[in-house]
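Each chain, written out:
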Number of protein chains: 2
Amino acid sequence: MAKLIECIPNFSEGRRSEVIEALVSEAQSVPGVILLDHSSDESHNRSVFTMVGSPEGIGEAAFRLAKKAAETIDLTKHTGEHPRMGAVDVVPFVPIQDVTMEDCITLSKQVAERVNSELGIPVFLYEESASAPERKNLAAIRKGQFEGMPEKLKDPKWQPDYGKAEIHPTAGVVAIGARAPLVAFNINLSTSDIQIANNIAKIIRESSGGLKYVKSIGVMLEDRNIAQVSINMCNYVKTPLYRVFELVRAEAARYGVQIIGSEIIGLTPMNALVDSAEYYLKLENFDSKVQVLENHLL
Amino acid sequence: MAKLIECIPNFSEGRRSEVIEALVSEAQSVPGVILLDHSSDESHNRSVFTMVGSPEGIGEAAFRLAKKAAETIDLTKHTGEHPRMGAVDVVPFVPIQDVTMEDCITLSKQVAERVNSELGIPVFLYEESASAPERKNLAAIRKGQFEGMPEKLKDPKWQPDYGKAEIHPTAGVVAIGARAPLVAFNINLSTSDIQIANNIAKIIRESSGGLKYVKSIGVMLEDRNIAQVSINMCNYVKTPLYRVFELVRAEAARYGVQIIGSEIIGLTPMNALVDSAEYYLKLENFDSKVQVLENHLL
């Protein structure tokens, strides 16, 4: 079983196709690294890449991408709806197989050191790699955005983890860190009352006292005229999908509302689903590493 | 996504370690083929190998193993509890990824042709590869065993699909064919009454009018003093695990009995579990080929 780490770098460019193509080429340039997906949003003027590979390979690919982004993206000329502070804005590393969170933290620090020393971009470590609790949250680090960073970095509280208190003139600053895999999991309700979805979202999310590692809001699916509990599962190992599903089911029942369906947006690690099958089928002593055939082929 | 076929050859040798080791070496000799598991049973005097690989690789490995078995195993000297008719007794090919059953049937015929022409062993095609309905079932082909084969092959109804009506003097005959993946799935009941497990097994299995692709018997787990419905899922795509689980749950309820757990013995393809997660989580429009991260790495 090979060691596998996922990396999902976000770039502040979603319009110029030649720049996006150059970044795609860079992502594909490292042996053992696979670019699973990339999507660009013109109004956000932002692109998100999803890559997976060996620890060494994925670190090298992340560095090459940061370098190419710094060469091709000028934040002084950037406009877009999405908040941003750097040409490469954020670089998360996610443990997928046979690696620990600690391995990803170590890798994130190696890449951070290299991005700073070779490219001259100041780096904040975030999420599991953060050097202080107030630096875990990307939004807190990015507050003020590119334009506010020169001033923000004068604050002793906001010294970068790598580099001097001075932004890169065109590439800004970047956040690099390790985090658990995120699964975007939405649950559709048999009601058009958004307030019911809002109430359930509030009950299940961590920030208002619900389940740890769960972020959630109510949204309206206008085309289907149904309310949805839209969820980010920030650690499906510690808070699995079935647990959220069953809690939503139980809370919806109070309103006489049922779950009519759910969806996973984008990619999910296999184990997020295998875990739920194990729960519902009451599997005893199941070891997915050994017993799932595909795990022997990775 | 690579084409992958599983092969689970059964050999009539479970005692002589030097023979088993020679077969293991043979299985490991083809690039692109992985020996996932092998187990030997002394009282059965039989070994079962589980390999997976590309269509070309797995066909080559199956042939090399048949050759090695013919060279090292002498059926005239074989004793054991398990019925058998050949040195290599049965060779199933199973579609795992990006291959059709038709591909596996084609491969089984290629290997059968080669085993006969190069090794002089008569071959019966069985299961999905069978040339007639009465040849689908391995037990029907094997009836009479090694000792009865010379006589059986005189019957015009039992001419081999490849080769003359004459057994290989020491390696006997072999069945080769394609079949769907088999998942061994057992369901434990909250009762020590074996009759309840027997009744449920009879209701769910195909042979007595239940679900297609399901074989089932009731067994007693003496150490836990509980009855179990022991199931072979012979096509988990067409009859998925959750459907059997829910039917057993419903039938057990008539006796006031609950399902207290289940188990999967040995290996299962990922999709046998992903399918069940999809059902219980009511996932809409989920495409495991695209959305399960690991599928991009195989």
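Definitions and cut-offs
- Residues numbered from 1 in each chain as written.
- Chains lettered and ligands numbered in written order.
- Predicted model: local features only at pLDDT ≥ 70, side-chain atom pairs only at ≥ 80, totals over all residues.
- Heavy atoms only, no water.
- UniProt positions renumbered as here; feature names shortened; annotations may be inferred.
- Helix = DSSP H or I, 4+ residues; strand = E, 2+ residues; numbered from the N terminus.
- Rg over C-alpha atoms; globule rule 2.2 N^0.38 Å.
- Buried < 20%, exposed > 50% of the residue type's maximum accessible area, 1.4 Å probe, protein only.
- Contact = heavy atoms within 4.5 Å.
- Areas by Shrake-Rupley, 256 points an atom, 1.4 Å probe, with all protein chains shown as cover.
- Buried area = accessible area lost by both parts, 1.4 Å probe.
- Salt bridge = Lys/Arg side-chain N within 4 Å of Asp/Glu carboxyl O.
- Polar contact = N/O pair within 3.5 Å; in protein donor to acceptor, adjacent residues only side chain to side chain.
- Axes fitted to C-alpha atoms, helices over the stretch in contact; angles between N-to-C directions.
- Parallel < 35°, antiparallel > 145°, perpendicular 65-115°, else oblique.
- Left-handed = near helix turned anticlockwise from the far one by under 90°.
- Domains from an automatic or database assignment.
- Nonpolar A, V, L, I, M, F, W, Y, C, P; charged D, E, K, R; others polar.
- Phe/Tyr/Trp six-rings, centres within 6.5 Å; stacked < 30°, edge-to-face > 60°.
- Least-squares fit on C-alpha atoms with pLDDT ≥ 70 in both.
- Core = buried A, V, L, I, M, F, W, Y, C linked by side-chain atoms within 4.5 Å.
- Arc of directions from axis to C-beta.
- Pairing = 2+ DSSP bridges.

The name recorded for chain A in an unreviewed UniProt entry is glutamate formimidoyltransferase, from Feifania hominis. On record in UniProt, under Pathway (unreviewed entry), the comment for chain A is "Amino-acid degradation; L-histidine degradation into L-glutamate; L-glutamate from N-formimidoyl-L-glutamate (transferase route): step 1/1." The UniProt entry for chain A carries the following comment under Subcellular location (unreviewed entry): "Cytoplasm".

K.L.:
In this structure, what is going on with the overall build of chain A? I would like to understand it.
P.N.:
For chain A, the helix and strand inventory stands at nine helices and eleven strands. Taken against the 2.2 N^0.38 rule, which gives 19 Å for 298 residues, the C-alpha radius of gyration of chain A at 20 Å falls within 12% of a compact globule. Counting all 298 residues of chain A, 55% fall into the buried class. Across chain A, contacts joining residues at least 24 apart in sequence account for 71% of those joining residues at least 6 apart. Total accessible area on chain A stands at roughly 12,500 Å², and carbon and sulfur atoms take up 49% of it.

K.L.:
Before we go on, may I ask you to explain the interface of chain B and chain A in this structure?
P.N.:
Interface extent is often summarised as the accessible area lost during association of the parts. The interface is formed by 42 residues belonging to chain B together with 42 residues belonging to chain A. Summed over both partners, the interface of chain B with chain A buries about 3,800 Å², with 69% contributed by carbon and sulfur atoms. By the criterion of area lost to chain A, the three top residues of chain B are Leu-281, Glu-284 and Leu-293 of chain B, representing 18% of everything that side buries. One can count two salt bridges joining chain B with chain A. Where chain B meets chain A, there are 22 residue pairs in polar contact (both at pLDDT 80 or more). Those elements that place two or more of their residues in the side of chain B that touches chain A are β1 (4-7), β3 (33-41), β8 (183-189), α7 (241-253), β11 (259-265), α8 (270-280) and α9 (288-291) of chain B. With seven residues, the top contributor of residues to the side of chain B that touches chain A is β11 of chain B.

K.L.:
I would appreciate a short explanation of the packing of helix α1 (residues 17-27) of chain A against helix α2 (residues 55-72) of chain A in the present structure.
P.N.:
Angle between the axes and distance between the axes are the two parameters that describe a pair of packed helices. All names here are of chain A. The N-to-C vectors of α1 and α2 enclose an angle of 160°; their axes lie 9 Å apart at closest approach. The pairing of α1 with α2 is recorded here as roughly antiparallel in orientation. Viewed along their axes, α1 and α2 form a crossing whose handedness is right-handed. Together, Val-19, Ala-22, Leu-23, Glu-26 and Ala-27 of α1 and Arg-64, Leu-65, Lys-68, Ala-69 and Thr-72 of α2 make up the contact between the two elements.

K.L.:
What exactly am I supposed to notice about the domain arrangement of chain A here?
P.N.:
All names here are of chain A. Taken as a whole, chain A is organised into domain 1 (4-178) and domain 2 (183-296). Opposite the five residues of domain 1 that make contact, domain 2 presents four residues. Between domain 1 and domain 2, roughly 280 Å² of surface is buried when both sides are summed, and carbon and sulfur atoms account for 55% of that area. When the area that domain 1 buries against domain 2 is broken down by residue, the three leading residues are Ile-96, Gln-97 and Asp-98, summing to 61%. Across the contact surface, domain 1 and domain 2 share one salt bridge. As a salt-bridge pair, Lys-289 and Asp-98 come within 2.9 Å of each other at their nearest N and O atoms. Our count for the contact surface shared by domain 1 and domain 2 stands at one residue pair in polar contact (both at pLDDT 80 or more). Split into classes, the residues belonging to the side of domain 1 that touches domain 2 amount to two nonpolar, two polar and one charged.

K.L.:
Would you take a moment to explain the UniProt feature "domain: Formiminotransferase N-terminal subdomain" (unreviewed entry) in chain A for this structure?
P.N.:
Here, UniProt's "domain: Formiminotransferase N-terminal subdomain" (unreviewed entry) annotation points to residues 3-180 of chain A. Structurally, residues 3-180 of chain A comprises 34% helix and 24% strand, and the distance from its first C-alpha atom to its last is 15 Å.

K.L.:
Would you mind going over the packing of aromatic side chains with me for this structure?
P.N.:
The description of two aromatic rings rests on the distance between their centres and on the angle between their planes. Evaluated as defined, the whole model comprises eleven aromatic pairs over all chains. Consider the rings of Tyr-242 of chain A and Tyr-280 of chain A, whose centres lie 6.4 Å apart with planes at 75°: the pair is edge-to-face. Placement of Tyr-242 of chain A in helix α7 (residues 241-253) and of Tyr-280 of chain A in helix α8 (residues 270-280) is noted, with a sequence separation of 38 residues between them. One exposure class covers both Tyr-242 of chain A and Tyr-280 of chain A, and it is buried. Between Tyr-242 of chain B and Tyr-279 of chain B the ring centres are 3.9 Å apart and the planes differ by 5°, which places this aromatic pair in the stacked class. Pair noted here: Tyr-242 of chain B is in helix α7 and Tyr-279 of chain B is in helix α8, with a separation of 37 residues, a long-range link. Residue class for Tyr-242 of chain B comes out buried when judged on its relative accessible area of 14%. Taken together through their ring pairs, the aromatic side chains of Tyr-242, Tyr-279 and Tyr-280 of chain A together with Tyr-242, Tyr-279 and Tyr-280 of chain B make up a single cluster.

K.L.:
Can you help me understand the UniProt feature "domain: Formiminotransferase C-terminal subdomain" (unreviewed entry) in chain A in this one?
P.N.:
With numbering aligned to this structure, UniProt lists the feature "domain: Formiminotransferase C-terminal subdomain" (unreviewed entry) at residues 181-296 of chain A. In residues 181-296 of chain A, helix accounts for 34% and strand for 26%; the two terminal C-alpha atoms are 21 Å from one another.

K.L.:
Before we go on, may I ask you to explain the relation of the copies chain B and chain A in this structure?
P.N.:
Look at the two chain copies: a rotation about an axis and a shift along it is all it takes to match them. Mapping chain B onto chain A leaves a residual RMSD of 0.1 Å; the transformation is a rotation of 180° accompanied by 0.0 Å of translation along its axis. Put plainly, the chains are arranged around a two-fold axis. Closest approach to the rotation axis within chain B is made by the C-alpha atom of Ala-277 of chain B, at a distance of 2.2 Å. When the interface residues of chain B are mapped onto chain A, 100% of them again lie at the interface, so the same face is used by both copies.

K.L.:
How do you make sense of the nonpolar core when you look at a structure like this?
P.N.:
Across soluble globular proteins, nonpolar side chains have a tendency to be buried as a group. Membership of the largest hydrophobic core comes to 70 residues, with the highest contact counts inside it found for Phe-185, Leu-189 and Leu-273 of chain A together with Phe-185, Leu-189 and Leu-273 of chain B. What Leu-273 of chain A contacts, discounting residues up to four positions off in sequence, is Leu-241, Ile-264 and Thr-268 of chain A together with Val-274, Ala-277, Leu-281, Leu-283, Phe-286 and Val-292 of chain B.

K.L.:
Please clarify how helix α1 (residues 17-27) of chain B should be interpreted in this entry.
P.N.:
Turn by turn, an α-helix covers 3.6 residues, leaving residues three or four places apart pointing in a common direction. All names here are of chain B. When we look at burial in α1, the residues that qualify are Val-19, Ile-20, Leu-23, Val-24, Glu-26 and Ala-27. Take α1 and look down its axis: the buried residues cluster within an arc of 160°, on one side only. Facing away from the buried side of α1, by more than 90 degrees, are the exposed residues Glu-18 and Glu-21. Considering only its buried residues, α1 is in contact with β2 (10-11), β3, β4 (46-53) and α2 (55-72).

K.L.:
What's the story with the pairing of β1 of chain B in this structure? I'm lost.
P.N.:
Note on strand geometry: in a regular strand, side chains alternate between the two faces of the sheet. All names here are of chain B. Residues Leu-4 and Glu-6 line one face of β1 and the alternating positions Ile-5 and Cys-7 line the opposite face, and both faces are buried. Both β1 and strand β5 (residues 88-97) contribute to a ladder of four bridges, which runs antiparallel. Along β5, the bridge assignment pairs Ile-5 with Pro-95. Alignment of β1 against β4, held across three bridges, turns out to be antiparallel.

K.L.:
For this particular structure, what's the right way to read the sheet that holds strand β9 (residues 214-221) of chain B?
P.N.:
Within a sheet, neighbouring strands are paired by backbone hydrogen bonds and run either parallel or antiparallel to one another. All names here are of chain B. Taken in spatial order, the four strands of this open sheet run β9-β10-β8-β11, and their pairing is antiparallel. At either end of the open sheet lies a strand with only one pairing partner, and these are β9 and β11. Taking each pair of neighbouring strands and ignoring which way they run, the sheet shows an average axis angle of 20°. As paired elements, β9 and strand β10 (residues 226-233) share eight bridges and run antiparallel to each other. Each residue of the ladder has a partner; that of Val-219, found in β10, is Gln-228. On the sheet, α7 packs against β8, β9, β10 and β11 and is oriented at approximately 20° with respect to β8.

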